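Spelled out from the first residue to the last, the chains are:
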Amino acid sequence: MIFTALLSAMLNIIPAPVDYTVGQGVCAEEKVTVQNYGSAFKRAAAKLEDFQKKEAYRLTIDGRGIKIEALTKEGVFRARTTLEQLKACSGELPCCVIFDYPRFRHRGLMLDESRSFKGVEFIKKQIDAMALLKLNVLHLHLDDSAGWRIESEAYPNLTGMTAWRHGWDYFAWERGGYKFAAPGEPGAAGGFYSKAELKDIVAYASERYITVIPEIEMPGHSMEVGYAYPGVLCVHPNGKVHRGAWDLCPGSEATFTLLEAVLDEVMDIFPSKFIHIGGDEATMKTWRECINCQKRMEQEGYTDVKQLQGYLVRRIEAFVRSRGRRVIGWDEILETGVPKDAVIQSWRGISGGIKASQAGHDVVMSPSTHCYFNYYQDLIRKEPAACGELVSLRFAYGYEPVTDDMAAGRILGVQANLWCEYIPTPSHAEYMLYPRLFALAETAWTPAEEKEYFGFRKRARSLLDVFRSRGYNTFDMDTESDLARSGKQRFPSK
Ligand code: ACM
Ligand code: ZN
């Protein structure tokens, strides 16, 4: 227990292990012995859930050397990660015995590649960081109105017409009237991932026991798709296509033909069981008057355009399920009806997570209040422009994903999201992630009753130095304001 450990010494590692004791002295011997498992470890691991067993390990460091016990290669990998962090953060290996396993099975980070395209090198660097923090899910937001980032052979205009734009900076692009550019055109900014690059990312992540979940947004946040293929747009009764619309047309069969073809390509690249279909913030504006939407509503007996969102989500969910995968979507998809197999990602606070878990859906918790690391991490006057409220390190650390009114067994885990409207460069993205991702990692792995902020803060400072030495750009904890340090969420009202 950490309580026991506090009486002796704390291990300098994030996430804090479940159970450990620290002995006297350090280990000079670097030799690592890996055992399938000893009987004491086997007995302790038998009590765990299957997903925990897979990652569980026992690490014994004493004067004679280092011993790892685990049931799987993944368990050995987690133990080696602990060793790597101990050595990097402490400069030596303290004699100790650690028994460790994760609290949650889904420990994620989402990167928004549409608003700012950051490239393979950046993604792999963040995968390295995730592995060091024992995170295991990388969610890639691969398309949005600001640009399509994944090669499609079936629909080549998606990248050909929208992967580049005039304005690297999202708001410069917005101010300039949302103008896309042709590849190679003067001033064109952006890019996309080829299938080969994405397969390489998937393999790189898999070697580190990280699953990559791709997201293809629908039906909102999809202006770029309509720009490349206007057949997916709503049609006014006067015959004019709604150019520039934010939403895809759920009345048009062309929408489903495109989405299904693209999803087949996506599932070919990504072996992930979960395929993210977005589903958030559809405006539904053009659906009210579109001739195809109105026809669909009549055929289905709908009385409200909102039901069209449910139609699209259910049809796509059935398609994805027919391919042996499971849909995951933002919490809006719960409102218009979706089968239980769909996983709900709660982002508009925690109410989506409560309702979804009670209704029998599996849930990933990423409420914007605590898990949106594109929000400010300190005072507006000292930080680069960001959005939302204050999510300081302490506030982020205080997040508890499971509340009394949730069906706890349905909560798969937690995820940090990094939306990139305000984050134009890779180094800015790292600045927003570190150290807040350390907090998320500890929430995701360490039992709630073992978490303690001030000990964590000390370890975070130490790990932040390691990150800097490895070339990550980070927030400077030494400059944190009193407000951020206090762990309050709200900026003072003016
Ligand atoms: C979201 O932040 N719109 C999921
Ligand atoms: Zn329509």
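Residues numbered from 1 in each chain as written. Chains lettered and ligands numbered in written order. Predicted model: local features only at pLDDT ≥ 70, side-chain atom pairs only at ≥ 80, totals over all residues. Heavy atoms only, no water.

Visitor: Even after reading the chapter, I still don't get the packing of helix α10 (residues 253–269) against helix α12 (residues 306–322), so can you show me in this structure?
Guide: Helix-helix packing is characterised by the crossing angle of the two axes and by the distance between the axes. Running from amino to carboxyl end, α10 crosses α12 at an angle of 35°, the nearest separation of the two axes being 11 Å. For the pair α10 and α12, the sense of crossing is right-handed. In contact with Glu253, Thr255, Phe256, Leu259, Glu260, Leu263, Asp264 and Met267 of α10, α12 contributes Tyr311, Leu312, Arg315, Ile316, Phe319 and Val320. For the contact of α10 with α12, the class distribution of residues is nine nonpolar, one polar and four charged. (Axes fitted to C-alpha atoms, helices over the stretch in contact; angles between N-to-C directions. Helix = DSSP H or I, 4+ residues; strand = E, 2+ residues; numbered from the N terminus. Left-handed = near helix turned anticlockwise from the far one by under 90°. Contact = heavy atoms within 4.5 Å. Nonpolar A, V, L, I, M, F, W, Y, C, P; charged D, E, K, R; others polar.)

Visitor: What should I look at first to understand the sheet that holds strand β14 (residues 274–278) in this one?
Guide: Strand pairing within a sheet occurs via backbone hydrogen bonds; the two strands may be parallel or antiparallel. Taken together, the eight strands give a closed barrel; going around it, the order is β6-β7-β13-β14-β15-β16-β17-β20, and neighbouring strands pair in parallel fashion. Within this sheet the neighbouring strands show an average axis-to-axis angle of 30°, counted without direction. Where strand β13 (residues 211–218) lies against β14, two bridges are found, and the strand directions are parallel. Residue Met218 lies in a different strand from β14, and its bridge partner there is Gly278. In the packing of helix α17 (residues 436–445) onto the sheet, the strands contacted are β6 (106–112) and β20 (411–418), and the crossing angle to β20 comes to about 175°. (Pairing = 2+ DSSP bridges.)

Visitor: Sorry, what's going on with the coordination of the zinc ion (ligand 2) here?
Guide: When four donors bind a metal tetrahedrally, each ideal donor-metal-donor angle is 109.5 degrees, and when six bind octahedrally, the ideal angles are 90 or 180 degrees. Around the zinc ion (ligand 2), the protein contributes the donor atoms Cys234 (SG), Cys249 (SG), Cys290 (SG) and Cys293 (SG), which lie 2.2 to 2.4 Å from the metal centre. Classification of the site at the zinc ion (ligand 2) rests on its four donor atoms, whose angles at the metal span 105 to 113°, yielding the label tetrahedral. (Donors = N, O, S within 2.8 Å, 3.2 Å for Na, K, Ca; no water. Tetrahedral: all angles 85-135°; square planar, octahedral: opposite > 155°, others 65-115°.)

Visitor: Explain the sheet that holds strand β2 (residues 32–35) to me, please; I cannot follow it from the model alone.
Guide: The five strands lie next to each other as β1-β5-β3-β4-β2, forming an open sheet whose pairing is mixed. Here the strands that pair on one side only, and so sit at the sheet edges, are β1 (19–27) and β2. Strand after strand, the sheet turns through a mean of 20° between neighbouring axes, direction not considered. As judged from the five bridges shared by strand β3 (residues 57–62) and strand β5 (residues 93–100), these two strands associate in the antiparallel manner. If you follow Ile61 over to β5, its bridge partner there is Cys96. Against the sheet, helix α2 (residues 39–46) touches β3, β4 (65–70) and β5, its axis set at about 45° to β5.

Visitor: What is the right way to look at the pattern of salt bridges in this model?
Guide: Any two side chains of opposite charge can pair, given that their charged atoms come close. Under the defined criterion, the tally for this structure stands at 38 salt bridges. Here Arg208 makes a salt bridge to Asp128, at a shortest N to O gap of 3.3 Å. Here the residue Arg208 occupies a position in the loop between α8 (195–207) and β13, and Asp128 occupies one in helix α5 (residues 119–132), the gap between them amounting to 80 residues. A relative accessible area of 31% means that Asp128 is categorised as partly exposed. Residue Arg468 is joined to Asp476 by a salt bridge in which the shortest nitrogen-to-oxygen separation is 3.9 Å. Salt bridges here are not isolated pairs; linked through shared partners, they connect Lys54, Glu55, Glu74, Arg78 and Arg107. (Salt bridge = Lys/Arg side-chain N within 4 Å of Asp/Glu carboxyl O. Buried < 20%, exposed > 50% of the residue type's maximum accessible area, 1.4 Å probe, protein only.)

Visitor: Just checking my understanding: could you explain the pairing of β20 for this structure?
Guide: Put simply, side chains in a regular strand alternate between the two faces of the sheet. Counting buried residues in β20 gives eight out of eight residues, a clear majority hidden from the surface. When β6 meets β20, the two strands line up parallel, connected through six bridges. Across the sheet, the residue bridging to His106 is Gly413, located in β20. Pairing of strand β17 (residues 363–365) with β20 involves three bridges; the strand directions are parallel.

Visitor: Explain the environment of Gly278 here, please?
Guide: Following the sequence through the fold, Gly278 ends up in strand β14. Along the primary structure Gly278 and Trp164 are separated by 114 residues, whereas in three dimensions their C-alpha atoms are 22 Å apart.

Visitor: Explanation requested: the pairing of strand β7 (residues 137–141) in the structure shown.
Guide: The buried count for β7 comes to five of five residues, which makes it a mostly enclosed element. Alternating positions in β7 separate into two faces, Val137, His139 and His141 on one and Leu138 and Leu140 on the other, with burial throughout. Of the pairings in the sheet, the one linking β6 to β7 comprises five bridges and is parallel in character. Bridging from a neighbouring strand, Met110 pairs with His139 of β7. Of the crossover connections in this fold, the one passing from β6 over α5 to the parallel β7 is right-handed. Across five bridges, the pairing between β7 and β13 is parallel. Its bridge partner being in β13, Leu140 is matched across the sheet by Pro214. (Right-handed = clockwise from strand over helix to strand, strands pointing away.)

Visitor: Is there a simple way to think about the packing of aromatic side chains in this case?
Guide: Any two aromatic rings considered together are summarised by their centre-to-centre distance and by the angle between their planes. Inspection of the entire model under this criterion finds 28 aromatic pairs. Measuring from centroid to centroid gives 4.9 Å for Tyr434 and Phe467, while their planes differ by 50°, and the two rings are tilted. Residue Tyr434 is found in the loop between α16 (426–433) and α17, and its partner Phe467 is found in helix α18 (residues 453–469); the two are separated by 33 residues along the sequence. For Tyr434, a relative accessible area of 0% corresponds to the buried category. Ring pairs connect the aromatic residues Tyr170, Phe171, Trp173, Tyr178, Phe180, Tyr227 and Tyr422, which therefore count as one cluster. The residue whose ring lies beneath Lys125 is Tyr472, and the NZ or CZ to ring-centre distance is 4.8 Å. Over the face of the ring belonging to Trp173 we find Arg165, whose NZ or CZ atom lies 5.4 Å from the ring centre. (Phe/Tyr/Trp six-rings, centres within 6.5 Å; stacked < 30°, edge-to-face > 60°. Lys NZ or Arg CZ within 6 Å of the ring centre and 35° of its normal.)

Visitor: Would you explain helix α4 (residues 73–90) in this entry?
Guide: The α-helix advances 3.6 residues per turn, and as a result positions three or four apart in sequence lie on the same side. When the terminal C-alpha atoms of α4 are compared, their 25 Å separation across 18 residues agrees well with the 26 Å that a helix rising 1.5 Å per residue should span. Listing the buried residues of α4 in full gives Glu74, Gly75, Val76, Arg78, Ala79, Thr81, Thr82, Leu83, Gln85, Leu86 and Cys89. (Expected span 1.5 Å × (residues − 1).)

Visitor: Help me understand the confidence of the model for the chain in this model?
Guide: Keep in mind that low pLDDT regions are not for reading the predicted coordinates in detail. Counting all residues, the mean pLDDT for the chain is 95, and 98% of those residues have values of 70 or more. Mean pLDDT across the secondary structure elements of the chain bottoms out at helix α1 (residues 2–8), with 46, and peaks at β7, with 99. Low pLDDT, under 50, characterises residues 1–8; the stretch is placed with 10 contacts to residues that sit more than four places away or in other chains. (pLDDT = per-residue confidence, 0-100.)

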